[in-house]
Amino acid sequence: MPKIEWDKTGERYYETGVSKGVLYPMASGTYGKGVAWNGLTNVSESPEGAEATALYADNIKYLNLLSNEEFKATIEAYTYPDEFAECNGEKALVEGVNVGQQKRKAFGLSYQTKVGNDVDSDLGYKIHLVYNCLAAPSEKAYATVNDSPEAITFSWEVSTTPVEVPGMKPTALLTIDSTKVDAAKLVELEKILYGDETNEPKLPTPAEVAALFNTAG
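Residues numbered from 1 in each chain as written. Predicted model: local features only at pLDDT ≥ 70, side-chain atom pairs only at ≥ 80, totals over all residues. Heavy atoms only, no water.

1. Digging into the overall build of the protein chain
Worth spelling out the cut-off: What counts as a helix is a DSSP run of H or I of at least four residues, what counts as a strand is a run of E of at least two, and both are numbered from the N terminus. Partly exposed residues are those whose accessible area sits between 20% and 50% of the maximum for their type, while under 20% is buried and over 50% is exposed, using a 1.4 Å probe and protein chains only. We call two residues contacting when some pair of their heavy atoms lies within 4.5 Å. Each accessible area value is a Shrake-Rupley result obtained with a 1.4 Å probe; residue values ignore everything except the protein chains displayed when judging cover. Asp and Glu count as negative and Lys and Arg as positive, but His and the ends of the chain are not part of the count. All charge positions are set by atom: Lys at NZ, Arg at CZ, Asp at CG, Glu at CD.
The helix and strand tally for the protein chain stands at two helices and 17 strands. With the principal axes as the frame, the protein chain shows a C-alpha extent of 70 × 55 × 45 Å. The proportion of buried residues among the 217 residues of the protein chain is 31%. Summarising the internal contacts of the protein chain: among those between residues at least 6 apart in sequence, 64% fall at separations of at least 24. Of the roughly 14,200 Å² that the protein chain leaves accessible, carbon and sulfur atoms contribute 51%. On the protein chain, the mean spot of the 19 positive side-chain charges and the mean spot of the 32 negative ones are 4 Å from each other.

2. Remarks on helix α2 (residues 206-214)
Heads up, the rule is: Taking the helix axis as origin, the arc is that swept by the directions to the C-beta atoms.
Of all the positions in α2, only Pro 206, Val 209 and Leu 212 are classed as buried. Projected down its long axis, α2 shows its buried positions confined to an angular sector of 125°, all on one face. Contacts from the buried residues of α2 go to β13 (124-135), β15 (163-165), β17 (173-177) and α1 (183-194).

3. Some words on the pattern of salt bridges
For the record, the criterion: The working definition used for a salt bridge is a side-chain nitrogen of Lys or Arg within 4 Å of a carboxyl oxygen of Asp or Glu.
The tally for this structure, following the rule as stated, stands at six salt bridges. The shortest N-O distance in the salt bridge between Lys 105 and Glu 86 comes to 3.7 Å. Of this pair, Lys 105 sits in the loop between β11 (97-99) and β12 (107-116) while Glu 86 sits in the loop between β9 (72-77) and β10 (91-94), and the two are 19 residues apart along the sequence. One salt bridge connects Asp 122 with Lys 114, and the closest N-O pair in it is separated by 3.0 Å. You can call Lys 114 partly exposed: its relative accessible area is 39%. Salt bridges linked by common partners bring Glu 86, Lys 91 and Lys 105 together as one network.

4. Overview of the packing of α1 against α2
Note the cut-off: A fitted line through C-alpha atoms represents every axis, and for helices the fit uses only the stretch in contact; the resulting angles, taken between N-to-C directions, go from 0 to 180 degrees. Any angle between 65 and 115 degrees counts as roughly perpendicular, while under 35 counts as roughly parallel, over 145 as roughly antiparallel, and the rest as oblique. Handedness of a crossing is defined here by the sense of rotation of the near helix relative to the far one, left-handed for an anticlockwise turn of less than a right angle and right-handed for a clockwise turn. Residues were grouped as follows: Ala, Val, Leu, Ile, Met, Phe, Trp, Tyr, Cys and Pro as nonpolar; Asp, Glu, Lys and Arg as charged; and all remaining residues, including Gly, as polar.
Across the interface, α1 lies against α2 with an axial gap of 9 Å and an inter-helix angle of 150°. The angle between the axes of α1 and α2 places the two elements in the roughly antiparallel class. Judged by the twist between their axes, the crossing of α1 over α2 is right-handed. Residues Lys 185, Leu 186, Glu 188 and Leu 189 of α1 form the contact with α2, whose participating residues are Val 209, Leu 212, Phe 213 and Asn 214. When grouped by side-chain class, the residues that make up the contact of α1 with α2 number five nonpolar, one polar and two charged.

5. Looking at the packing of aromatic side chains
Rule in force here: Only Phe, Tyr and Trp rings are paired, with Trp represented by its six-membered ring, and only when their centres lie within 6.5 Å; those with planes under 30 degrees apart are stacked, over 60 edge-to-face, the remainder tilted.
In the structure shown here, the tally under the stated rule is nine aromatic pairs. Geometrically, the ring pair formed by Tyr 80 and Phe 154 is edge-to-face, given 5.5 Å between the ring centres and 80° between the ring planes. Of this pair, Tyr 80 sits in the loop between β9 and β10 while Phe 154 sits in strand β14 (residues 154-160), and the two are 74 residues apart along the sequence. In this structure, Tyr 80 and Phe 154 share a single accessibility class: buried. Seen from their ring centres, Phe 84 and Phe 107 are 5.4 Å apart, and the 80° between their planes marks the pair as edge-to-face. Of this pair, Phe 84 sits in the loop between β9 and β10 while Phe 107 sits in strand β12; the two residues are 23 residues apart in sequence, bridging distant segments of the chain. The pair Phe 84 / Phe 107 is uniform in exposure class, with both members buried.

Rendered as structure tokens:
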């Protein structure tokens, strides 16, 4: 049996960046056409839960029970697509006039992060798919323009509701690694997510993603 080696050449992996954000507004229980989310600067994935509760019996620790895990995230951006307005609790009174504090629409989200190593900084990428999102009200800090101007950064705390996954527990997050999946099937997935000459962009369900990568070819 070979001895363990650390930090071998080509095995020093890392992830960085966030790009190719796509918003999929939900209407009547289904995701609508995806739209580009320009100005996306940060997506922080913040799972919660899976906390242990210790049970004791016979004067010893008997077992640990884990609470359910919930996926949350924080989205930061310099701007957001018009289609996100209703997800942000805004509704048009008339064209160009929005009313705040309205019902918030659910949405889906996809974005990419880069994968690199010590040999190749563009080794590949990961596509993150997030389902059943709800954005909480966020703070907007407007400041006077001065000798060190900065663009306003919008930020939203996002909660999710898990969706069904074939043969597994429900989840709100799927991650597809381009360095590990079939390249041709990845191209097909990206046609679904980003659209092409004949199809509008849409967010596939976990079952549809599983079926795509499980097909022979």
